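Next come the chains, spelled out residue by residue.
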Amino acid sequence: MATTLTPPSTSFEPTAPATSARHRLERRGSRLAASVRSESIKLTTVRAPRAILALTILVGGAASFMVAHFVDEPDISVATVFGFSAVFTTVFAAVGGILAYTTEAEHHTAHQTFAAEPRRVIVIAAKVITTAGYAALLGLAGLAAGAVGAALGGVEAGDTSTILPAMIGWATGFAVLSGILGLGVGLIARHSAAAISGLLVWWFVVENLISAFAPERVVRFMPFFAGRGMLDIADEGERIAFDRPATTLIFAAYAIAALTIGALATARTDP
Amino acid sequence: MITVENLTKTYGTRRAVDNLSFDVQPGRVTGFVGPNGSGKSTTMRMMVGLTRPDDGHVHYNGTAYHQLDRPVATIGAALDASAHPGRTARNHLRTMCAASGLARSRADEVLHEVGIGSVADQRVGGFSLGMRQRLALAGALLGEPETLLLDEPANGLDPDGIRWLRSFLRSYAEQGGAVLVSSHLISELALFADDLVVIGAGRLLTAAPVQEIVDTADHSVLVETPQRNELIVLLGQHGISVGESGTRLTIAGASRSDIAQLALNHQIRLDELVDHRASLEDLLVDLTNDAAEFTSA
């Protein structure tokens, strides 16, 4: 039963809905751009992303320094060592991706985000774009720190013309995909501690345990084993991963699957 | 105008909102009242698309919320006083400005409008609940919306803040805006609401102007007299029913002046003669009592 109360006059003009298909498309584009701007401000106005960037530089630099300084091999150089930093960088990129949504869920700011932009797919697309950009920044910063760390470790520059650009591309790609995987896990879990600990336990404990017992044909399809294959830094005797394009596809499939499940969960449930 | 039609939401076996329908008119402050757990917050969340209704819909001037071209220009919602504790008030609002395509300067304008401009650069983690409430209201005002939707906005405000909120919402409505404000403080709402929507156990109990609800209250006259028995007999002779309430008599069906005249004619002394009408709070408590999920022992 609808009860109508006394109608007074109003000075406000009603907002007309979008009409033409072209206008709707333009509106979606500008809504996405607006959401990306909003997500960028979120990223740059709290401490956690800056702390993660600082840790990436510190740990990446230290890892490369240790390898360069303590590993005694004849062909070791900055070009071959700086990529070791990417192993750690991708962990931080995944954590950054997780926090992109879990902090919103935990502090209930997702209410304001989805009230301002009710089309949740646009918000998630904006988070994917900003997370990918942030993860790429982490990847590049980690590699730069790795190069500096390796140089400080006392090794020669090495072949910088071929190895260096390839490693920058693959390692940055690994970081970006890790960030997107982290975002997907964050959208599913909605809780920072649960998502981060779950991801790290899988990455560093479960996969290693499975690797120790399962056959190669199974191990090479494990997400982070495949992801590390993108860096191509395993010793000759340990090379059981597919080539770089194949491992990229495997890891990307996991990242897209996590993101799709997370996006569906976010679209269908209350924030 | 907001039109809520047949809104229904069930969580498991519990029906949180049950076929709820009401309208909110522009130029009016509409109080949304109900006991704890009656479905007020769930209804408001459904009104801004945060919760998906099982059935029914909400329209803003005929358009569903998710189809609005610029939602913030149509409806400003403050459903809770939440913000990232590590972000400053200004940056919190700037994220909202950016998401809605508004100029960054709006953040400072609304912060001053709600009286917390001086703490714009402080982190929200250090804010009191009252300051957070003002920040939430600032967020709702960003798009200069035609409708405000506020869930318990007076929580945590000091008396001065409550008075300010009251006059702010009244002035907003007088300029033509529609305001839907939920509260469990009925006496507070009665001071500034034009209309009330009362729900219990997710169902609509009544929706009407405040005065109309007040007028439905039983009217009686309270009398204190040393000649109690004589007055009871006298009123009985005139067909007027009399009840007892402590040392007073409760008389229904006669006006104060009629009773005074009768007593004067028969030389009966009256020490007290007052009109009594149940308060809005009493009325609504009676109304929602059967539907209250959580009640005092």
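For every chain, the first residue of the written sequence is number 1, and numbering continues from 1 along that sequence. Throughout, the order in which chains and ligands are written sets their labels, letters from A for the former and numbers from 1 for the latter. Predicted model: local features are reported for residues with pLDDT of at least 70 only, side-chain atom pairs are reported and counted for 80 or more only, and whole-chain, interface and lining totals are derived from all residues.

**Let's talk about the overall build of chain B**
Counting its secondary structure elements, chain B contains 11 helices and 14 strands. For 297 residues, the compact-globule estimate of 2.2 N^0.38 gives 19 Å, and the C-alpha radius of gyration of chain B, at 24 Å, exceeds that figure by more than 25%. Counting only C-alpha atoms, chain B reaches 80 × 45 × 40 Å along its principal axes. Helix and strand definitions here come from DSSP, where helices need a minimum of 4 consecutive H or I residues and strands a minimum of 2 consecutive E residues; each element is numbered from the N-terminal end. For this measure, only C-alpha atoms enter the radius of gyration; the expected value for a globule follows 2.2 Å times N^0.38, where N is the number of residues.

**So, the overall build of chain A**
Counting its regular elements, chain A contains 11 helices and zero strands. Each helix (α) and strand (β) of chain A, taken in turn from the N terminus, gives the series α-α-α-α-α-α-α-α-α-α-α. Exposure in this text rests on C-beta crowding, where 20 or more other C-beta atoms within 10 Å of a residue's own make it buried, 12 or fewer make it exposed, and counts in between make it partly exposed. The C-beta atoms are placed from the backbone. Out of the 271 residues belonging to chain A, those deemed buried represent 47%. Restricting to contacts in chain A with at least 6 residues of sequence separation, those with at least 24 account for 83%. Two residues form a contact once the distance between their C-beta atoms, set from the backbone, is within 7 Å.

**Looking at the domain arrangement of chain B**
Segmenting chain B into domains produces domain 1 (2–215) and domain 2 (219–277). Residue ranges assigned to each domain were obtained from an automatic or database domain assignment. Summarising the inter-unit geometry, the C-alpha centres of domain 1 of chain B and domain 2 of chain B are found 47 Å apart.

**Section: the interface of chain A and chain B**
Taken residue by residue, the interface counts 43 residues in chain A and 52 residues in chain B. The set of elements that each furnish at least two residues to the side of chain A that touches chain B consists of helix H1 (21–44) and helix H5 (110–116) of chain A. If one sorts the elements of the side of chain A that touches chain B by residue count, H1(A) sits on top with eight residues. Each residue is assigned to one of three groups, with Ala, Val, Leu, Ile, Met, Phe, Trp, Tyr, Cys and Pro labelled nonpolar, Asp, Glu, Lys and Arg labelled charged, and all others, Gly among them, labelled polar. Classifying every residue of the side of chain A that touches chain B gives 18 nonpolar, 18 polar and seven charged.

**Digging into the nonpolar core**
Working definition: the nonpolar core is a set of buried Ala, Val, Leu, Ile, Met, Phe, Trp, Tyr and Cys residues, joined through C-beta atoms within 7 Å. Counting 149 residues, the largest nonpolar core has B:Leu93, B:Leu135 and B:Leu149 as its most contacted members. It is helix H7 (residues 163–189) of chain A that provides the largest number of residues to this core, a total of 15 residues. If sequence neighbours within four positions are ignored, B:Leu93 has contacts with B:Ala107, B:Val110, B:Leu111, B:Ala138, B:Gly139 and B:Leu142. Listed in part, the eight residues of the second largest apolar core include B:Leu249, B:Ile251, B:Ile259 and B:Ala263.

**As for unusual backbone geometry**
The phi torsion at A:Arg190 lies on the positive side, around 60°, for a residue other than glycine. A count of 19 C-beta atoms within 10 Å places A:Arg190 in the partly exposed class.

**A closer look at helix H11 (residues 244–268) of chain A**
Three- or four-residue spacings in an α-helix give side chains the same orientation, since the helix completes a turn every 3.6 residues. Residue and element names in this part refer to chain A. The length a helix should cover is 1.5 Å for every residue beyond the first. With 25 residues, H11 extends 36 Å between its outermost C-alpha atoms, agreeing within 8% with the 36 Å of an ideal straight helix rising 1.5 Å per residue. Regarding H11, the residues found buried are Thr247, Ile250, Phe251, Ala255, Ala258, Leu259, Gly262, Ala263 and Thr266. Turning to H11, the residues buried within the fold contact helix H6 (120–152), H7 and helix H10 (223–229).

**A few points about the packing of helix H2 (residues 47–70) of chain A against helix H4 (residues 85–106) of chain A**
All names here are of chain A. To define axes, lines are fitted to C-alpha atoms, for helices over the stretch in contact only, and angles between the resulting N-to-C directions are given on a 0 to 180 degree scale. Direction vectors running N to C along H2 and H4 enclose 170°, while the axes themselves pass 8 Å from each other. It follows from the interaxial angle that H2 and H4 lie roughly antiparallel. The interaxial crossing formed by H2 with H4 has right-handed handedness. Residues Ala48, Pro49, Ile52, Leu55, Thr56, Val59, Gly60, Gly61, Ala63 and Ser64 of H2 form the contact with H4, whose participating residues are Ser85, Phe88, Thr89, Phe92, Val95, Gly96 and Leu99. For the contact of H2 with H4, the residue count by class is 10 nonpolar, seven polar and no charged. Should an angle fall under 35 degrees it is called roughly parallel, over 145 degrees roughly antiparallel, and 65 to 115 degrees roughly perpendicular, with every other angle called oblique. Helix crossings are classified by the rotation of the near helix relative to the far one: an anticlockwise turn of less than a right angle makes the crossing left-handed, while a clockwise turn makes it right-handed.

**Examining the environment of B:Leu234**
All names here are of chain B. Take leucine 234: it is sitting in helix H9 (residues 228–237). What makes leucine 234 partly exposed here is the crowd of 18 C-beta atoms within 10 Å. For the pair leucine 234 and alanine 263, spaced 29 residues apart in the sequence, the C-alpha separation amounts to 8.5 Å. Aside from chain neighbours lying at most four places away, what touches leucine 234 is Leu262, His266 and Ile268.

**Thoughts on the sheet that holds strand E8 (residues 178–183) of chain B**
Residues and elements named next belong to chain B. A strand pair is defined by DSSP finding two or more bridges across the two strands. If you trace the six strands from one edge of the open sheet to the other, you get E6-E7-E8-E3-E9-E10, paired in mixed fashion. Across the chains shown, the open sheet's two edge strands, defined by having one partner strand only, are strand E6 (75–78) and strand E10 (203–209). Here the average twist between neighbouring strands, direction ignored, is 15°. Together, strand E3 (29–33), strand E7 (147–151), E8 and strand E9 (195–200) form the strand contacts of helix H1 (residues 40–47), whose direction differs from that of E7 by roughly 145°.

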